[in-house]
Each structure stands twice: as structure tokens, then as C-alpha cells.
Amino acid sequence: MNRGLRSWAPPFLLVLPSLVVVGVFVYGMIAINVNTSLTDRRGRGPATQYVGFDVYRELFADDTFIYSLQNLLIYTVVFIVGTLLIGFMWAWLLERGVWGEGFFRAVYLFPMAVSFIASGVVWRWLLNNAQGDRASGLNRLFEVVGLDFLQNSWWTHPRFGIAAIALPAIWQLAGYVMALFLAGFRGIPRELHEAARIDGASEWQLYRHVLFPQLRPIALSAIIIVGHMSLKVFDLIMAIAGQTNHTTQVPATQMWIEFTRGDYAKSAAIGTILLLVVAVLIVPYLVSTYRQERNR
């Protein structure tokens, strides 16, 4: 065995089992899913023929699927904006040196330890204002202040239902974004702070011209991470609203509905579309990160 083979063969053999598992259970399953979406498989039996992109054309002509995409867009925007604003605010407060920082860090990060299913059950109670005497009082209050759409379960409203579903997601992930921003704050050299203040920079100028540019990569990473998580939302919606609630339907829940109906081709097509949407968000970020690392 020559020296070159001896140098790379042991590392390759070490990672080979992982490569095989990923190749079969990730990329192999993706290939099977895409193949199914191009067939007419709509029952327990095997597909009879390939229909090309007919299933995709049928999906984009379906008002229900278009509505689910709109819901996903609303959910993603509310989720990203909410987690960024709250996460940054918490990180900024901790960076300012509040008393009991360790305690507050633990409190902010604790929701991440709770599964979406568990938190969804709890938030289902919190967002449901239509049960019991207390709920009746809340309904009267909402009517007085002009918030009639909150009188029933928040997630049943045709326009704001999906935004209400984003509230528990923000509660769970804002602490993670806080940790990212806090790490970004702590990674900025104190010399930059001192140099800006010596030059006479105000507090706002310090943040605008010194701190915010340094935090831009952190914010981009947070947007990418939270964004791709929002695109795959399923368990939280199922725990709060269930699969029968049309107002909170997103592509992932519609995919499950089509699968339970036996329409495997349409279900696979929805999964492929979701994969492409996530890839559009993730791949440019990975390419940009790789180029930045290579140029260093």
C-alpha cells in the first residue's frame, strides 16, 4: 500500500458508515420522494405510470395549497421578526449588565428544552378563550375594546389564526436567538467601544456604526436558522389546532392530510416543494459562508 493511500484510507473508512447511512436514509429517501411525486400513485397499490409534473400543476391550481403557502409566509414573517426583536432585546438587556444575569439566561433558554408538542398543548389552553366563566369575561373585554376577533379561539380567525400559532414558537426560540446575539455582543472587542467613545460617538452612533455591523453575521445566521425551522412547522400546529382547522393549514400539515387520504403522489410533491423552498433559503447562505471562510 503506497503512502498516499495509507494517509487517507483510515479517515475515509472511519466516516464511511456515516456516509452510507446519510446516502441511503437522506438522499435515497429524497430520491424516492421525488420519484413518487412524478407518478400517479394515489392508493395502496403501486403507481401505474409516470405523469411528470401534472401533480405539481394540480397543486398550484389548488386554492387550498395556495392558501397554505400564504399561511406559511405569514407564520414565517411573524416568527422571524418576533424572535429577532425579542431575542435582541433580551441580549441587549443582559449585555447592559442586569443583576442576576445567570438566572435570566436560564429563564430565557428554558423554553428550548420543551418540545413543541408539550408547549403546543399548553398554548392551546392559553389561546382558547371560549371555555368557562373566565373566558366569558375575556370575551366581553375583547368586545368592549374592539378586538372581537379574539373572542373565540385565536387560531380559528381566518386572517390572524396562523399569526397566533407563531406566538408559542416565538416564546420557544427567542431564547436561542438571545444566546446568539449575546455571544455576538461578548465577541466584540472592548477596544472598539473605547475607541468610539474617545472619538466622541454617542450611544446611538456606537450601536449604529460599531456594534450593529459586527452583529450583522449573527443576525443573518439567526434569520437562516429560524427561517428554515418555520418552513418545516408541523408538530406545533397539530398540537394546537389539529389537522382539521383550515385557518392554520400550512404545506406540512396539508402533506400529512394528503398522505392519510392515500394520495401519496400529492403528498410527495408537497414535500418536494418544501425541500426546494428550504434549499433556496439555505444553499446561498452555505455558499456565502464557504466563500468567506476560504478567503480568510
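What you see is a predicted model; the values in this text were computed from it and never measured.

## Section: the overall build of the protein chain
Right, so step 1: Looking only at helices and strands, the protein chain features 12 helices and 0 strands.
Right, so step 2: Starting at the N terminus and ending at the C terminus, the protein chain contains elements arranged as α-α-α-α-α-α-α-α-α-α-α-α.
Right, so step 3: Here the contacts in the protein chain between residues at least 6 apart in sequence split such that 71% fall between residues at least 24 apart.
Right, so step 4: Counting only carbon and sulfur atoms, one obtains 66% of the accessible surface of the protein chain, whose full area is about 17600 Å².

## Details of helix α11 (residues 251-261)
Right, so step 1: Taken as a whole, α11 has its buried residues at Pro251, Ala252, Thr253, Gln254, Ile257 and Glu258.
Right, so step 2: Where α11 is buried, its residues touch α3 (63-95), α10 (235-240) and α12 (264-295).
Right, so step 3: The positive-phi residue at the C-terminal boundary of α11 is Gly262, with phi of around 95°.

## Quick word on the confidence of the model for the protein chain
Should pLDDT be low for a region, the predicted coordinates there are not to be read in detail.
Right, so step 1: Confidence in the prediction for the protein chain averages 82 pLDDT; 88% of positions are at 70 or higher.
Right, so step 2: In this model, residues 130-138 is a region of pLDDT below 50 whose contacts with residues beyond four sequence positions or in other chains number 4 contacts.

## Comments concerning empty space enclosed by the protein
Right, so step 1: Taken as a whole and judged by the stated rule, the model has 1 cavity of 30 Å³ or more.
Right, so step 2: Space inside the largest cavity adds up to approximately 30 Å³.
Right, so step 3: Every residue lining the largest cavity is listed: Ile237, Gly242, Gln243, Asn245, Thr248, Gln249, Thr253 and Ile257.
Right, so step 4: Tallied by class, the residues present in the lining of the largest cavity amount to 2 nonpolar, 6 polar and no charged.

## Re the packing of helix α9 (residues 203-231) against α12
Right, so step 1: The N-to-C vectors of α9 and α12 enclose an angle of 170°; their axes lie 10 Å apart at closest approach. With respect to α12, the element α9 is oriented roughly antiparallel. In this structure, α9 contributes Leu220, Ser221, Ile224, Gly227, His228 and Leu231 to the contact, and α12 contributes Leu274, Val277, Val278, Leu281, Ile282 and Tyr285.
Right, so step 2: Among the residues forming the contact of α9 with α12, the class breakdown is 9 nonpolar, 3 polar and no charged.

## Here's the deal with the pattern of salt bridges
Right, so step 1: For the coordinates displayed, the defined rule picks out 4 salt bridges.
Right, so step 2: In this structure, the salt-bridge partner of Arg57 is Asp54, at a minimum N-O distance of 2.3 Å. Placement of the pair is Arg57 and Asp54 together in helix α2 (residues 54-60), with a separation of 3 residues, close to one helical turn.
Right, so step 3: The class for Asp54 is partly exposed, based on a relative accessible area of 38%.
Right, so step 4: Across the salt bridge formed by Glu95 and Arg186, the nearest N and O atoms sit 2.9 Å from each other. Taken as a pair, Glu95 in helix α3 and Arg186 in helix α7 (residues 161-187) lie far apart in primary sequence, 91 residues in all.
Right, so step 5: A relative accessible area of 19% means that Glu95 is categorised as buried.

## Side note on the packing of aromatic side chains
Right, so step 1: Under the definition given, this model contains 13 aromatic pairs.
Right, so step 2: Geometrically, the ring pair formed by Trp256 and Phe259 is stacked, given 6.1 Å between the ring centres and 25° between the ring planes. Taken together, the residues span about one helical turn, with Trp256 and Phe259 both in helix α11 at a distance of 3 residues.
Right, so step 3: Classification of Trp256 as partly exposed rests on a relative accessible area of 37%.
Right, so step 4: Taken together, the aromatic side chains of Phe88, Phe181, Phe185 and Phe212 make up a single cluster linked through ring pairs.

## A closer look at the UniProt feature "transmembrane region" (unreviewed entry) in the protein chain
Right, so step 1: Mapped onto the present numbering, the UniProt feature "transmembrane region" (unreviewed entry) falls at residues 12-32, 72-94, 106-126, 160-183, 218-241 and 268-287.
Right, so step 2: Here residues 160-183 runs as 96% helix and 0% strand, with 34 Å between its end C-alpha atoms.
Right, so step 3: Overall, residues 218-241 shows 83% helix and 0% strand. The separation of its end C-alpha atoms is 33 Å.

## Concerning the packing of helix α5 (residues 116-127) against α7
Right, so step 1: Packing of α5 against α7 leaves a shortest axis separation of 10 Å and a crossing angle of 130°. Compared by their axis directions, α5 and α7 come out oblique. Between α5 and α7 the crossing geometry is right-handed. Along the contact surface, α5 presents Phe116, Ser119, Trp123 and Leu127, while α7 presents Ala164, Leu167, Pro168, Ala169, Trp171, Gln172 and Leu173.

## Considerations on the environment of Ile165
Right, so step 1: Relative to the helices and strands, Ile165 resides in helix α7.
Right, so step 2: Along the sequence, Ile165 and Val78 sit 87 residues apart, while their C-alpha atoms lie 9.7 Å from each other.

Quick notes on the rules
- Residues numbered from 1 in each chain as written.
- Predicted model: local features only at pLDDT ≥ 70, side-chain atom pairs only at ≥ 80, totals over all residues.
- Heavy atoms only, no water.
- Helix = DSSP H or I, 4+ residues; strand = E, 2+ residues; numbered from the N terminus.
- Contact = heavy atoms within 4.5 Å.
- Areas by Shrake-Rupley, 256 points an atom, 1.4 Å probe, with all protein chains shown as cover.
- Buried < 20%, exposed > 50% of the residue type's maximum accessible area, 1.4 Å probe, protein only.
- pLDDT = per-residue confidence, 0-100.
- 1 Å grid on protein atoms, 1.4 Å probe; cavity = no way out; pocket = protein on both sides within 12 Å on 5 of 7 lines; lining within 4 Å.
- Points joined across faces, edges and corners; volume = space filled by probe spheres on them.
- Nonpolar A, V, L, I, M, F, W, Y, C, P; charged D, E, K, R; others polar.
- Axes fitted to C-alpha atoms, helices over the stretch in contact; angles between N-to-C directions.
- Parallel < 35°, antiparallel > 145°, perpendicular 65-115°, else oblique.
- Salt bridge = Lys/Arg side-chain N within 4 Å of Asp/Glu carboxyl O.
- Phe/Tyr/Trp six-rings, centres within 6.5 Å; stacked < 30°, edge-to-face > 60°.
- UniProt positions renumbered as here; feature names shortened; annotations may be inferred.
- Left-handed = near helix turned anticlockwise from the far one by under 90°.

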